[in-house]
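For reference, the chains in residue letters:
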Amino acid sequence: MSLQARLSTTRVPNFAPPAPTPAKRPWVDHWLETCRDLTELKQAHPMMDAVIEEIDGRMIRVGDHWLADFASCNYLGFDLDREIIDAVPAYLEAWGTHPSWSRLLGSPVLYEEIEERLTALLGSEDSLLLPTITHIHMSVIPLLAASGTIFMDSRAHKTIYDGCQVARSRGAAVRRFRFEDPGHLDELLRAERDPTRLVCMDGVNSMTGNAPDIRAFAAVCREHGALLYVDDAHGFGVVGERSPHETSVYGTRGNSVVRHFDETYDNVVLVGGFSKAYSSLLAFIACPTDVKDLLKVAATPYLYSGPSPVASLATVLAGMDVNETRGDELRRVLADRTRRVLDCLDRLGVATPNRSGFPIVEIPVRDHRRIAAVGQMLWDRGVYVTLAAFPLVPKAEVGFRVQLTAANTDAEVDTLIAAIEELAEAGELTSSDPDALERAA
Ligand SMILES: Cc1ncc(COP(=O)(O)O)c(C=O)c1O
């Protein structure tokens, strides 16, 4: 008889067990305490776990409250683009809603079309599509790391971190290098004896809005025979190759950080997704063809996971058309709207980690305990943002994240700026002048 069966037939004396005391649950108490700020916010704050009942452009309705949305990642506004929306029905007629072969068992030709066009856009040797970046990190990082050593950016996205944990459970060692510090990575690689080395990091960072110095990181990796694995979820579609004809500091074509820094794919693997700038559920890894062929048989999701819906494949293809014809103009609009917000922060002397002009603007609050009150004020003024509470970010960086999209209107940006001015006036935000607080104290 199995252990579970024996347990289920065991007669239990008829008395209530004593309530577990906190001291007897150290495994959960630790997490309850660590996540207290976040849990309280989630339970009490209208901006957390909100149910959105209606949208009108980038305005959203929660209950009977309309807000300007600055929390989505639809940077190019493709989710609302008429040309893209109108392209979808023909694909549904041709393919139905969701032929659910896993890719190894049957790939609609749409995948081949996307891979071909994507490879040309990125300028990589080849590319492979899988449903999400999370699928890619969980399956590809352990394969590339094997039983070697992973050097992980200390502020890598949680999904990279989790992919590294899977690799660790299969025998890889994981070391961390300091955020934005290629010199530290160089030190660690120099001291490492393991010849199998994988370096995992973010491209455009989802909190700071800045890109790492890819050229410096790629040079360090090449010098020490390490493979560089970059997740550019937030850069793909937004930043791209530089050109004398570029319409903004984002560069042109939105073909990601590797091209933005005029780097090659020599010893560099790029991962990106369509679920942000392209508003579609699909992701990719740009890699050499022999690695792609290996992933087709060895990466779990290619055989074991369901595919992306047809509507998503359709919006990627239509989005690629729009990217070619109007992408740079949309990036100009996005850069201009973002610049307005950054100029406002500059004028008010309010801190933000954003040095790039890219459309992710984190604004730390002066006192991390005030995050709920600050969020409430933004809510009351009709501004919807992402609240970044501890432990999502370190206590010194608790604040709110604003993400702009090409579909936000100037009037919505006006509403946001007015709210930021009010918060600055009330002393809720952090000064960009490190000495100002001391002088005020
Ligand atoms: C840097 C980064 N990587 C990965 C992901 C997850 O992407 P996906 O939804 O395609 O799994 C996100 C999503 O927010 C992200 O910001």
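Rules used in this analysis
Residues numbered from 1 in each chain as written. Predicted model: local features only at pLDDT ≥ 70, side-chain atom pairs only at ≥ 80, totals over all residues. Heavy atoms only, no water. Salt bridge = Lys/Arg side-chain N within 4 Å of Asp/Glu carboxyl O. Helix = DSSP H or I, 4+ residues; strand = E, 2+ residues; numbered from the N terminus. Buried < 20%, exposed > 50% of the residue type's maximum accessible area, 1.4 Å probe, protein only. Pairing = 2+ DSSP bridges. Axes fitted to C-alpha atoms, helices over the stretch in contact; angles between N-to-C directions. Patch = residues over 30% accessible without salt bridge, like charges linked within 9 Å, V, L, I, M, F, W, Y side chains within 5 Å. Areas by Shrake-Rupley, 256 points an atom, 1.4 Å probe, with all protein chains shown as cover. Near = heavy atom within 4 Å. Polar contact = N/O pair within 3.5 Å; in protein donor to acceptor, adjacent residues only side chain to side chain. Contact = heavy atoms within 4.5 Å. Core = buried A, V, L, I, M, F, W, Y, C linked by side-chain atoms within 4.5 Å. 1 Å grid on protein atoms, 1.4 Å probe; cavity = no way out; pocket = protein on both sides within 12 Å on 5 of 7 lines; lining within 4 Å. Points joined across faces, edges and corners; volume = space filled by probe spheres on them. Arc of directions from axis to C-beta.

Novice: Would you mind showing me how to read the pattern of salt bridges here?
Specialist: Side chains that differ in charge, positive against negative, can pair when their charged atoms come close. According to the stated counting rule, one finds 37 salt bridges in the structure shown. Among the ionic pairs, Lys 292 bridges to Glu 115, the shortest N-O distance being 2.9 Å. A residue pair is termed long-range when its members are at least 10 positions apart, and Lys 292 in helix α11 (residues 289-298) and Glu 115 in helix α5 (residues 109-122) qualify at 177 residues. Overall, Lys 292 belongs to the buried group, its relative accessible area being 7%. Note that Asp 414 is salt-bridged to Arg 340, the shortest N-O span being 2.5 Å. Of this pair, Asp 414 sits in helix α15 (residues 410-425) while Arg 340 sits in helix α13 (residues 310-348), placing them 74 residues apart in sequence. Look at Asp 414 and you get partly exposed, because its relative accessible area is 38%. Salt bridges sharing common partners tie together Arg 103, Glu 112, Glu 115, Asp 126 and Lys 292.

Novice: Can you walk me through the sheet that holds strand β13 (residues 386-388) in this structure?
Specialist: Strand pairing in a sheet is mediated by backbone hydrogen bonds. Such pairs are either parallel or antiparallel. One open sheet holds the three strands; their spatial order is β11-β14-β13, and the pairing between them is antiparallel. Of all the strands in the sheet, the pair left with one neighbour each is β11 (360-364) and β13. Between one strand axis and the next, the sheet turns through 25° on average, direction left out of account. As judged from the three bridges shared by β13 and strand β14 (residues 399-403), these two strands associate in the antiparallel manner. Looking at the pairing, Thr 386 lines up with Arg 401 of β14.

Novice: Any chance you could explain a nonpolar patch on the surface here in plain terms?
Specialist: A surface patch of nonpolar side chains, about 720 Å² in accessible area, is lined by Trp 95, Trp 101, Leu 104, Leu 105, Val 109, Leu 303 and Tyr 304. Mapped onto the secondary structure, Trp 95 falls in helix α4 (residues 82-95). Look at Trp 95 and you get partly exposed, because its relative accessible area is 30%.

Novice: Which parts of the structure should I look at to understand the site of the ligand?
Specialist: Contacts to the ligand come from Thr 132, Ile 133, Thr 134, His 157, Thr 159, Asp 202, Asp 231, Ala 233, His 234 and Lys 276. Contact between the ligand and His 234: an oxygen atom at 2.7 Å from a side-chain N or O atom of the residue. Here the ligand loses 82% of its free accessible area of 400 Å² to cover by the protein chains.

Novice: Looking at this model, I keep getting lost on the sheet that holds strand β7 (residues 197-202). Mind explaining?
Specialist: Pairing is mixed across the open sheet formed by seven strands, whose spatial order is β4-β10-β9-β8-β7-β5-β6. The open sheet has two free edges, formed respectively by β4 (126-130) and β6 (173-177), since each of these has just one partner strand. Between one strand axis and the next, the sheet turns through 20° on average, direction left out of account. As judged from the five bridges shared by β4 and strand β10 (residues 283-287), these two strands associate in the antiparallel manner. By the bridge assignment for β10, Asp 126 is matched with Cys 287. Relative to β4, α5 is tilted by about 135°, and along the sheet it contacts β4, β9 (268-273) and β10. Packed on one face of the sheet, helix α9 (residues 214-223) meets β6, β7, β8 (227-231) and β9 and runs near 150° to β8.

Novice: What is the right way to read the nonpolar core from this model?
Specialist: As a rule of thumb, soluble globular proteins bury nonpolar side chains together. Membership of the largest hydrophobic core comes to 97 residues, with the highest contact counts inside it found for Phe 274 and Phe 400. When neighbours within four sequence positions are excluded, Phe 274 is seen to be in contact with Ile 114, Leu 118, Leu 129, Phe 236, Ser 279, Ser 280, Leu 282, Ala 283, Phe 284, Val 316 and Met 320. With 27 residues, the next largest nonpolar core counts Ile 160, Cys 164, Val 269 and Ala 299 among its residues.

Novice: Which parts of the structure should I look at to understand the side chain of His 260?
Specialist: Mapped onto the secondary structure, His 260 falls in helix α10 (residues 256-260). Accessibility expressed as a relative area gives 9% for His 260, which makes it buried. A polar side-chain atom of His 260 sits 2.7 Å from the main-chain carbonyl oxygen of Gly 240. With residues up to four places along the chain from it excluded, the contact list for His 260 reads Val 239, Gly 240, Glu 241, Arg 242, Val 249, Tyr 250, Gly 251 and Phe 358.

Novice: Teacher, can you tell me more about the side chain of Asn 210 here?
Specialist: Position of Asn 210 among the secondary structure elements: in the loop between β7 and α9. Here Pro 353 takes part through its backbone oxygen, which lies 2.8 Å from a polar atom of the side chain of Asn 210. Polar side-chain contacts of Asn 210 include one of 2.7 Å to the backbone nitrogen of Arg 355. Discounting residues that sit within four places of it in the chain, Asn 210 has contacts with Glu 180, Gly 203, Val 204, Asn 205, Pro 353, Asn 354, Arg 355 and Ser 356.

Novice: What am I meant to see in the layout of surface pockets here?
Specialist: Picture a little ball the size of a water molecule; that probe, rolled over the atoms, points out where space is still empty. Estimates place the volume of the largest pocket at around 1300 Å³. Those elements that provide at least two residues to the lining of the largest pocket are α2 (26-34), α6 (133-145), β5 (149-153), α7 (158-169) and β13. Size it by volume and the second largest pocket reaches roughly 270 Å³. Every residue lining the second largest pocket is counted, 14 residues in all, and those nearest its centre are Arg 36, Asp 37, Glu 40, His 368 and Arg 369.

Novice: Just to check I follow, could you spell out α9 for this structure?
Specialist: Taken residue by residue, α9 has Ile 214, Phe 217, Ala 218, Val 220 and Cys 221 as its buried positions. When α9 is viewed along its axis, its buried side chains cluster within an angular range of 160° and face the same direction. Contacts made by the buried residues of α9 are with β6, α8 (182-191), β7, β8, α10 and β9. Looking one or two residues past α9, Gly 225 carries a phi angle of roughly 65°, positive in sign.

Novice: How do you make sense of the pairing of β14 when you look at a structure like this?
Specialist: The side chains of a regular strand alternate, first on one face of the sheet and then on the other. Across the five residues that make up β14, a large majority, five, are buried. In this sheet, β14 lies alongside β11 in antiparallel orientation, the contact comprising five bridges. Counterpart to Pro 364 in the pairing with β14 is Gly 399.

Treat this as a map of the structure, not an account of what it does.
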